[in-house]
Amino acid sequence: MTYKAARDRLAENGTSDLSDNLAYGEISPRTIWHLGQKAIASGAQGLEPFLRQIAWRDFAHHLMYHTPHMLQENWREGWDNFPWNEDTESSAVMAWKMGTTGIDFVDAAMRELWVTGKMHNRARMVVASYLTKHMMVHWRVGEQWFADQLIDYDPANNAMGWQWVAGSGPDAAPYFRVFNPDTQLEKFDPKRAYFSRWVAEGQVEPPQTALDFFDAIPKQAQLSSQDTRPKPIVRLKEGRERALAAYSAK
Ligand SMILES: Cc1cc2nc3c(=O)[nH]c(=O)nc-3n(C[C@H](O)[C@H](O)[C@H](O)COP(=O)(O)OP(=O)(O)OC[C@H]3O[C@@H](n4cnc5c(N)ncnc54)[C@H](O)[C@@H]3O)c2cc1C
């Protein structure tokens, strides 16, 4: 399967997994780019979508250099008065961090982050959308959590990713594009293999990956694989409507 076909499938190892090597400088984007060009010249097919991601990384680093305020502030000032919540300790934000929002896709992804220190790109987009839109929490709160947790943390890619999802960045997804985590999961994890890999509750014999989550989190969280799944902290329809109403009043 090509990179283009596999990159969005949550349960596959369909991407290069090079982000931490790039973040630590163990391989340079130039090396990857030139190896890619050489391979294309020798007839390799389907490499362009992958090389495009390397170009996105380059774009993020240029943005950070020329507009360093993007690391902390909205890239577009027009967002400065948007009524985002910035309480990092609220019970809703804690549920988001702990993977107990009651939204299957979000919880699976946040647990993947606890266990591996990484998260699938599509999952990053969906958890960021749920936080900034359904929960109406400032993208900075999520950006900082990712900075603490990701082993591939890259200030430029992270800030650009968060601001792209939130709508406040350059070339951003429009705010009214609110990902629906349920339909995203149906589309990109049709057999629920990704969900089952990371969420133990409700499974008779959960896999080790899902159980590892309970060893990764602080004991004070008092979570157990025997718990029942929580109800959604923000229902998808209500959260979407509230976010869109706030956006049209902006
Ligand atoms: C909210 C959010 C936060 C993110 N935070 C980070 C981060 O802290 N560090 C990080 O490296 N990436 C981040 N990304 C981008 C992307 O999710 C990861 O680079 C990717 O998941 C890493 O997997 P891979 O190496 O297998 O990627 P591949 O798909 O194999 O791509 C190859 C390389 O291209 C670059 N790349 C891929 N997608 C993007 C993108 N959307 N933007 C910029 N560069 C990209 C990465 O360096 C990646 O290693 C973020 C994306 C979002 C939506």
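Only a predicted model underlies this, so the values are computations on that prediction, with no experimental measurement involved. Sequence order sets the numbering: in each chain, residues are counted from 1 along the sequence as written. Side-chain atom pairs in this predicted model are given and counted only at pLDDT of 80 or more, local residue features only at pLDDT of at least 70, and totals for whole chains, interfaces and linings cover all residues. Hydrogens and water are ignored here; the side-chain numbers use all heavy atoms of the structure.

### Regarding the site of the ligand
Then step 1. If a single non-hydrogen atom of a residue is within 4 Å of a molecule or strand, that residue counts as near it. Surveying the vicinity of the ligand reveals 26 residues, the closest of which are Tyr3, Thr15, Ser16, Asp17 and Asn121.
Then step 2. One of the side-chain nitrogen or oxygen atoms of Thr15 is found 2.6 Å away from an oxygen atom of the ligand.
Then step 3. At 2.9 Å from an oxygen atom of the ligand is found a main-chain nitrogen or oxygen belonging to Ser19.
Then step 4. When the ligand sits alone it has 830 Å² of accessible area, and the protein chains cover 94% of it.
Then step 5. Elements are defined by DSSP. Helices are runs of H or I of four residues or more, strands are runs of E of two residues or more, and each kind is numbered from the N terminus. Elements with a contribution of two residues or more to the shell around the ligand: α2 (19–23), α4 (48–66), α7 (121–134) and α9 (155–166).
Then step 6. Its residues assigned to classes, the shell around the ligand comprises 13 nonpolar, 8 polar and 5 charged.
Then step 7. For each domain, the first and last residues come from an automatic or database assignment. Looking at which domains feed residues into the shell around the ligand, each of domain 1 (3–71) and domain 2 (91–248) gives three or more. Polar contacts, as used here, are pairs of N or O atoms within 3.5 Å; protein pairs need one atom able to donate a hydrogen and one able to accept it. Residues neighboring in sequence count only if both atoms are side-chain atoms. Methods summary: accessible areas were calculated by the Shrake-Rupley approach with a probe of 1.4 Å, and residue burial reflects only the protein chains presented. The classification used treats Ala, Val, Leu, Ile, Met, Phe, Trp, Tyr, Cys and Pro as nonpolar, Asp, Glu, Lys and Arg as charged, and all other residues, Gly among them, as polar.

### Quick look at unusual backbone geometry
Then step 1. If you check the backbone angles, Asp17 has positive phi at about 60 degrees while not being a glycine.
Then step 2. The backbone of Gln222 shows a phi angle near 50 degrees, a positive value even though the residue is not glycine.
Then step 3. Looking at the element boundaries, Gln222 is found in the loop between α12 (208–216) and α13 (236–248).
Then step 4. Each residue gets one of three labels from its accessible area relative to the maximum for its type: buried under 20%, exposed over 50%, partly exposed in between, using a 1.4 Å probe on protein chains only. With a relative accessible area of 69%, Gln222 lands in the exposed category.

### Description of the domain arrangement of the protein chain
Then step 1. When the domains of the protein chain are assigned, the result is domain 1 (3–71) and domain 2 (91–248).
Then step 2. Just the C-alpha atoms count here: the centres of domain 1 and domain 2 sit 23 Å apart.
Then step 3. The contact criterion used is simple: two residues touch if any of their non-hydrogen atoms lie within 4.5 Å. Taken together, the contact pairs 19 residues of domain 1 with 26 residues of domain 2.
Then step 4. Carbon and sulfur atoms make up 59% of the area that domain 1 and domain 2 hide from each other, which totals about 1,900 Å².
Then step 5. Each of two parts loses accessible area, computed with a 1.4 Å probe, when they are put together; buried area is these two losses added. Three residues, Asp8, Leu10 and Met70, lead the burial of domain 1 against domain 2; their summed loss comes to 35% of the area buried on that side.
Then step 6. Any Lys or Arg side-chain nitrogen found within 4 Å of a carboxyl oxygen on Asp or Glu counts as a salt bridge. Note that Asp8 is salt-bridged to Arg122, the shortest N-O span being 2.8 Å.
Then step 7. If you look at where domain 1 meets domain 2, you find 11 residue pairs in polar contact (both at pLDDT 80 or more).
Then step 8. Breaking the side of domain 1 that touches domain 2 down by element, the ones donating at least two residues are α2 and α4.
Then step 9. Considering every element that reaches the side of domain 1 that touches domain 2, the biggest residue donor is α4, with 7 residues.

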